Amino acid sequence: MGEDERRKWRRLEHGLRVELTVLGGAGGALHAIGTHLSPEGLFIQIADPPAPGTRVRVTLGAGDTVQLAADGVVTNQFQPNDANDLTGVGIALAEAGAPWRKLYEWLSQSP
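Caption draft 1: Expanded view of the pattern of salt bridges. Scanning all chains against the criterion turns up one salt bridge. Across the salt bridge formed by R57 and D71, the nearest N and O atoms sit 2.7 Å from each other. Placement of R57 in strand 4 (residues 55-60) and of D71 in strand 5 (residues 68-78) is noted, with a sequence separation of 14 residues between them. When its relative accessible area of 25% is taken as the criterion, D71 is described as partly exposed.

Caption draft 2: Main features of the environment of L20. Along the chain, L20 turns up in strand 1 (residues 16-22). Residue L20 is classed as buried on the basis of its relative accessible area, which comes to 1%. Taking the C-alpha atoms as reference, L20 lies 7.1 Å from A32; in sequence the two are twelve residues apart. What L20 contacts, discounting residues up to four positions off in sequence, is G28, A29, L30, I44, I46, P50, V56, R57, V58 and I91.

Caption draft 3: Structural detail: the sheet that holds strand 5. Pairing is antiparallel in the closed barrel, where six strands are placed in the order 1-2-3-6-5-4. Ignoring strand direction, the axes of neighbouring strands in this sheet form an average angle of 45°. Here six bridges tie strand 4 to strand 5, and the two strands are oriented antiparallel to one another. Within the sheet, the bridge partner assigned to R57 lies in strand 5 and is D71. Where helix 2 (residues 98-109) meets the sheet, it contacts strand 1, strand 2 (30-38), strand 3 (41-45), strand 4, strand 5 and strand 6 (88-93), and its direction lies at approximately 70° from that of strand 2.

Caption draft 4: Just the side chain of T54, in detail. If you trace the backbone, T54 turns up in the loop between strand 3 and strand 4. A polar atom in the side chain of T54 sits 2.6 Å from the backbone oxygen of A51. Not counting the four nearest positions on each side in its chain, T54 is found in contact with V22, G72, V73 and V74.

Caption draft 5: Focus on the side chain of T35. For T35, the position within the fold is in strand 2. T35 sits in the buried class, given a relative accessible area of 7%.

Caption draft 6: Spotlight on the packing of aromatic side chains. Per the stated rule, a full pass over the model turns up one aromatic pair. Ring geometry for F43 versus F78: centroids 5.5 Å apart, planes at 70°, classification edge-to-face. Of this pair, F43 sits in strand 3 while F78 is found in strand 5, placing the two residues 35 residues apart along the sequence.

About the criteria used
- Residues numbered from 1 in each chain as written.
- Predicted model: local features only at pLDDT ≥ 70, side-chain atom pairs only at ≥ 80, totals over all residues.
- Heavy atoms only, no water.
- Salt bridge = Lys/Arg side-chain N within 4 Å of Asp/Glu carboxyl O.
- Helix = DSSP H or I, 4+ residues; strand = E, 2+ residues; numbered from the N terminus.
- Buried < 20%, exposed > 50% of the residue type's maximum accessible area, 1.4 Å probe, protein only.
- Contact = heavy atoms within 4.5 Å.
- Pairing = 2+ DSSP bridges.
- Axes fitted to C-alpha atoms, helices over the stretch in contact; angles between N-to-C directions.
- Polar contact = N/O pair within 3.5 Å; in protein donor to acceptor, adjacent residues only side chain to side chain.
- Phe/Tyr/Trp six-rings, centres within 6.5 Å; stacked < 30°, edge-to-face > 60°.

Geometry only, nothing functional implied.
In structure tokens:
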């Protein structure tokens, strides 16, 4: 079974500017690129990724007048290897809500 066949949602590969904030952490927001968006999560490309299990807040449209934020948890941490040169984290978004789903629907209709 291929990866797309086992996933509930098709992953959208749009690159979106995001801020990633570790909840309960002392650091501020980290600016990153979010990709592989779904209504339930996304992949964030970041040089120093937080560990699996870390609670985070993802904010889209950082610094703009319109923002969309959702809390989640880091599920996977990726380091570069022979098949992939990306460093980052997979994040599951708990209760991202209707606005996140609307963004997904809108992006899935764009070319």
